[in-house]
Number of protein chains: 2
Amino acid sequence: MTSAGQPIHADILIHDAMVLTMDEERRFFENGSVAVSGDEILEVGPSEELKGKYRASRTIDGRNKILMPGLVNVHTHAPMTIYRGAADDLPLKEWLYDHIFPLEAVFTSKIENLKAGMRLAIAEMLLSGTTMFKDMYYFTDELASVVAETGMRATLSEGVFDNPTPSNAGGDKTLDYIDGAIQNWQHHPLVRQGVAAHAAYTVSPGLIVKAKELARRHDTMLSIHLSENQWEVDTIREMYGATPVKHLENLGVLDRQTLAVHCVILSDEDINSLAGSNTGVAHSPQCNMKLANGAAPVPELLKRGVHVGVGTDGVASNNDLDMFDEIRSMSLLHKLTSNSTTVISAKEAVEMATITGAKAIGYDDRIGSLEEGKKADMILINLGKPHSKPLYNVYSSLVYSLRGSDVEMVIVNGEVLVEQRQLQRMDLSAVYEDIERIAHEISAFQRRKQAR
Amino acid sequence: MTSAGQPIHADILIHDAMVLTMDEERRFFENGSVAVSGDEILEVGPSEELKGKYRASRTIDGRNKILMPGLVNVHTHAPMTIYRGAADDLPLKEWLYDHIFPLEAVFTSKIENLKAGMRLAIAEMLLSGTTMFKDMYYFTDELASVVAETGMRATLSEGVFDNPTPSNAGGDKTLDYIDGAIQNWQHHPLVRQGVAAHAAYTVSPGLIVKAKELARRHDTMLSIHLSENQWEVDTIREMYGATPVKHLENLGVLDRQTLAVHCVILSDEDINSLAGSNTGVAHSPQCNMKLANGAAPVPELLKRGVHVGVGTDGVASNNDLDMFDEIRSMSLLHKLTSNSTTVISAKEAVEMATITGAKAIGYDDRIGSLEEGKKADMILINLGKPHSKPLYNVYSSLVYSLRGSDVEMVIVNGEVLVEQRQLQRMDLSAVYEDIERIAHEISAFQRRKQAR
């Protein structure tokens, strides 16, 4: 209690931590505190101030720990965890047509499989410090309740194609489904629905425009895989006489409410189009490397002011959902391909995984930094392991040395979801039982296919 | 006990594990056992056979775990952990001349600092599954006893330069020191001494030849940084009219008892020279990326039968000693730069981190695989976390999903050094105290330097 008066009530006060705010000034408190009330951050500041000012229902000792915003995974296909490691190191076409598509045809159509995959994905993400993810897959209306159960924050975007998908008849029918899903979830505190057009080579121009109109009508985002590799660029050029980016610009769908996923192969003009329209970009370095697609021109995009967030992509091509791992790979990748040791500094990498990612998906009014009035999404990172010592620079440690497994506590929307590396809401053994059963079926399917 | 007779005594029997042997046939037992007596492996086989055949002082339940050879880190500068994160994201020359060299001039010369750094390094390596490392640094005679204390396996190679180093007067004086060190340690079960010539641009031809002669005399290896970047190739060409590899070939020092570290920039002829002479290669992908040096032609080297092992390099340029992280980066890197999804398969990556690495450093008669008569260096990996599920392919899981932090138990030379992720021999709190003190001094030094 200070002499200034009565202490203010807080639900949670984390004190004596190294607090990395990622706010506009990138304030860092060597010994800082964060006070939380309900789902919101009340105040961020030096411990000596906040400890006297607040009386909290729960105080958490942050000594020898980093407290920072939860990580924002801007692009994944979460339920695909059921396929983790089912097919690797194969030529791209063989991987897709002989493995992933046949598996999806059988197993993605069963919603129970996707629910289990989604639960496994959320467990993995929470345990490696991710507190928000933007997903693109199927059955998003039904899967949203699974996400809601876990207490995780997410935007789920149902993918529309010209053709039918495991969940929908395709085209307008899918858009109707998405329309309903958006309305069903628009007031939920954690889970929202977006619109996804799979890619310019699987969705006709008219349908892309309609998908964007639907997103605009509901003030939500359109996501689309864009310029992922040279094949796509060549294909779209042949079909529409333009690069994929230019094609979307011609359709009038590039704006700050569009998230362009991948953007590996970009011309200077493409970069102009993305920067000029404020289109957000999702960068998935590990997937781009593993599928030998190339290195997106991220340093140039950042220089031009494009909001580039980081996404793990689905585990069929990664094979994990660990954002720490992803930003380390990202920083190393761009140093190599730019032939410069200064490119994508550790600080930039942390920005991309937090506040810049939040901007890319239009969520920075609520998350991405620790600031008064923002949602209380934050992670506490243990610094007590050999690989985390010594610590000279907090950004360098986060990107080059620390691990997802160092995340000790995770708070989403003011609720402690992980404590001492244990999930507080989820029953992992039930999830594992489901996953074992599904993996068993998938293995049997693969053996039968091979035997043919 | 089988009807065949009395059970055989074993000190340790790990049973019911997924056993990845990495032997010549790459045998994998879905439900396997390994029996250990003293420092050696007695037998590897199906659990149903071994459980009846042996009566063990200690049985270890391997259910839901992978048992495999400990990882072999073929190149690092272990004591440099004291500089972890002290200088990152800087232009190469500024990094070396304004940061690393001034730091080393002051702090590397104090042997107590290096002892603390070595202990921290060994703790980190053991906790991420490494059971053998080949080190290149200073004061190797004195540091060997620190390694021996921990129970870790290592070869330490004192670096010789023309000029004095923090530990030695340089040239012949250093070679005399190494000669003594080799003799002091030649009968130790775990710790050996090698010879290191720093690089062709810091060590004159005559001294390189003498260093190799010394190594030959004691039947140990010569390590040398070789062809790390374009600058080195240009410099050596100017000095000696040959590529660095050709220069060493001309000196007659390339053979199976030489370890060439990095080999990033290689001509076809260089590859011929390395393959023809059976020279081992140490590959450090993360360091090569972080310092923007390039991607070594590893797929080509492997195709030509060169034994390429994996090294983390020192943490000043990585910034960790985690071999899991290193092989994941390696596999992704070469897929990208080779423009092929099939390059450096998960299986090849695991081979490089175990048996091929052991071959590269001339240690495959003792370690690198789980086989009767080899030393009992092995790790048990927990598969109970969300990111490790499901498991379709053990190699894929190891490279693309599993983490150093999943290593639960580590056995070196038959002794359990890590159990339930706790170090059994080392007192971490004492190590941390030393490290904190040294880091404090280093920070103060950096502040003073900046203020000037």
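Residues numbered from 1 in each chain as written. Chains lettered and ligands numbered in written order. Predicted model: local features only at pLDDT ≥ 70, side-chain atom pairs only at ≥ 80, totals over all residues. Heavy atoms only, no water.

Draft legend 1. Just the overall build of chain A, in detail. Counting its secondary structure elements, chain A contains 16 helices and 17 strands. A compact globule built from 452 residues should have a C-alpha radius of gyration of about 22 Å, and chain A, at 22 Å, falls within 12% of that. When its C-alpha atoms are laid out on the principal axes, chain A stretches across 75 × 50 × 45 Å. Across the 452 residues that make up chain A, the buried fraction comes to 66%. A separation threshold of at least 6 residues defines the contact pool for chain A, and within that pool the share at least 24 residues apart is 71%. Here chain A displays about 15400 Å² of accessible surface, and carbon together with sulfur accounts for 46% of that area. In chain A, the 44 positive side-chain charges and the 61 negative ones have mean positions that sit 2 Å from each other. (Helix = DSSP H or I, 4+ residues; strand = E, 2+ residues; numbered from the N terminus. Rg over C-alpha atoms; globule rule 2.2 N^0.38 Å. Buried < 20%, exposed > 50% of the residue type's maximum accessible area, 1.4 Å probe, protein only. Contact = heavy atoms within 4.5 Å. Areas by Shrake-Rupley, 256 points an atom, 1.4 Å probe, with all protein chains shown as cover. Lys, Arg positive; Asp, Glu negative; His and termini not counted. Charge placed at Lys NZ, Arg CZ, Asp CG, Glu CD.)

Draft legend 2. Structural context of the side chain of Asp 320 of chain A. Mapped onto the secondary structure, Asp 320 of chain A falls in the loop between strand E13 (308-310) and helix H12 (323-338). Looking at Asp 320 of chain A, its side chain comes within polar contact range of the side chain of Arg 403 of chain B, at 2.8 Å. Contact partners of Asp 320 of chain A, with chain neighbours within four places excluded, come to Arg 84, Glu 124, Gln 286, Thr 312, Val 315 and Asp 325 of chain A together with Arg 328, Tyr 400 and Arg 403 of chain B. (Polar contact = N/O pair within 3.5 Å; in protein donor to acceptor, adjacent residues only side chain to side chain.)

Draft legend 3. The arrangement of the pairing of strand E16 (residues 415-419) of chain B in detail. Residue and element names in this part refer to chain B. The pairing of strand E15 (residues 407-412) with E16 spans 3 bridges and is antiparallel. Each bridged residue has a counterpart across the sheet, and for Val 410 the counterpart in E16 is Val 418. Two successive antiparallel strands, E15 and E16, enclose a turn made up of 2 residues, where Asn 413 displays a positive phi of approximately 55 degrees. Pairing geometry for E16 and strand E17 (residues 422-423), over 2 bridges, is antiparallel. By the bridge assignment for E17, Glu 419 is matched with Gln 422. Linking E16 back to E17 in an antiparallel pair, the connection comprises 2 residues, with Gln 420 at a positive phi of about 50 degrees. (Pairing = 2+ DSSP bridges.)

Draft legend 4. Here's a closer look at the interface of chain B and chain A. Across the boundary between the two partners, chain B contributes 63 residues, which contact 62 residues of chain A. Summed over both sides, the interface between chain B and chain A buries roughly 4800 Å², with carbon and sulfur atoms accounting for 60% of that surface. Looking only at chain B, the three residues that lose the most surface to chain A are Asp 89, Leu 336 and Tyr 392 of chain B, adding up to 16% of its buried area. At the junction of chain B and chain A, the tally comes to 12 salt bridges. Of the charged contacts in the structure, one is a salt bridge between Glu 436 of chain B and Lys 389 of chain A, with a shortest N-O distance of 3.6 Å. Connecting chain B to chain A are 27 residue pairs in polar contact (both at pLDDT 80 or more). Looking at the side of chain B that touches chain A, the elements that each hand over two or more residues are helix H3 (111-127), helix H10 (285-290), helix H12 (323-338), helix H15 (394-401) and helix H16 (428-451) of chain B. (Buried area = accessible area lost by both parts, 1.4 Å probe. Salt bridge = Lys/Arg side-chain N within 4 Å of Asp/Glu carboxyl O.)

Draft legend 5. Summary view of the packing of aromatic side chains. Within the structure shown, the criterion is met by 10 aromatic pairs over all chains. On the numbers, 4.9 Å between centres and 85 degrees between planes, the contact of Tyr 201 of chain A with Trp 231 of chain A is edge-to-face. One end of the pair, Tyr 201 of chain A, is in the loop between strand E9 (191-199) and helix H6 (205-217); the other, Trp 231 of chain A, is in helix H7 (residues 230-240), with 30 residues separating them in the sequence. Tyr 201 of chain A gets classed as partly exposed once you look at its relative accessible area, which sits at 26%. Among the aromatic residues, those joined into a ring-pair cluster are Tyr 137, Tyr 138 and Phe 161 of chain A. Positioned over the ring face of Tyr 400 of chain B is Lys 290 of chain A, at 4.5 Å from the centre of the ring. Here the guanidinium or amino end of Lys 389 of chain B rests over the ring plane of Tyr 432 of chain A, the centre of that ring lying 4.5 Å away. (Phe/Tyr/Trp six-rings, centres within 6.5 Å; stacked < 30°, edge-to-face > 60°. Lys NZ or Arg CZ within 6 Å of the ring centre and 35° of its normal.)

Draft legend 6. Local environment of the packing of H12 of chain A against H12 of chain B. The geometry of H12 of chain A relative to H12 of chain B is characterised by a closest axis approach of 11 Å and an angle of 45 degrees between their N-to-C directions. Considering their axes alone, H12 of chain A and H12 of chain B lie oblique with respect to each other. As for how H12 of chain A packs across H12 of chain B, the hand of that crossing is right-handed. Only Asp 325, Arg 328, Ser 329, Leu 332, Leu 333, Leu 336 and Thr 337 of chain B of H12 of chain B make contact with H12 of chain A, whose side of the interface consists of Asp 325, Arg 328, Ser 329, Leu 332, Leu 333, Leu 336 and Thr 337 of chain A. (Axes fitted to C-alpha atoms, helices over the stretch in contact; angles between N-to-C directions. Parallel < 35°, antiparallel > 145°, perpendicular 65-115°, else oblique. Left-handed = near helix turned anticlockwise from the far one by under 90°.)

Draft legend 7. Local environment of the domain arrangement of chain A. All names here are of chain A. Each assigned domain of chain A is listed with its residue range as follows: domain 1 (8-69 + 371-420) and domain 2 (71-360). Averaged C-alpha coordinates put domain 1 and domain 2 at centres separated by 29 Å. Listed as interface residues are 25 residues of domain 1 and, on the opposing side, 26 residues of domain 2. Summing both partners gives a buried area of about 2200 Å² for domain 1 against domain 2, and 66% of it is carried by carbon and sulfur. (Domains from an automatic or database assignment.)

Draft legend 8. Broad picture of the relation of the copies chain B and chain A. It takes a turn of 180 degrees to lay chain B on chain A, together with a shift of 0.0 Å along the axis; the resulting RMSD is 0.0 Å. Taken together, the rotation angle and the small translation identify this as a two-fold axis. Taken as a fraction of all interface residues of chain B, those also at the interface in chain A reach 98%, which identifies the copy contact as same-surface. (Least-squares fit on C-alpha atoms with pLDDT ≥ 70 in both.)

Draft legend 9. Structural context of the pattern of salt bridges. Applying the stated criterion to the full structure yields 68 salt bridges over all chains. For Arg 403 of chain A, the salt bridge identified is with Asp 322 of chain B, shortest N-O distance 3.4 Å. Here Arg 403 of chain A is found in the loop between helix H15 (394-401) and strand E15 (407-412), whereas its partner Asp 322 of chain B is found in the loop between strand E13 (308-310) and H12 on a different chain. An identical accessibility class is assigned to Arg 403 of chain A and Asp 322 of chain B; each is buried. Of the charged contacts, one joins Glu 415 of chain A and Arg 425 of chain A as a salt bridge, the two residues approaching to 2.7 Å between their closest N and O atoms. Here Glu 415 of chain A is found in strand E16 (residues 415-419), whereas its partner Arg 425 of chain A is found in the loop between strand E17 (422-423) and helix H16 (428-451), with 10 residues between them in sequence. Within this structure, Asp 320, Asp 322, Asp 325, Arg 328 and Arg 403 of chain A together with Asp 320, Asp 322, Asp 325, Arg 328 and Arg 403 of chain B form a network of salt bridges that share partners.

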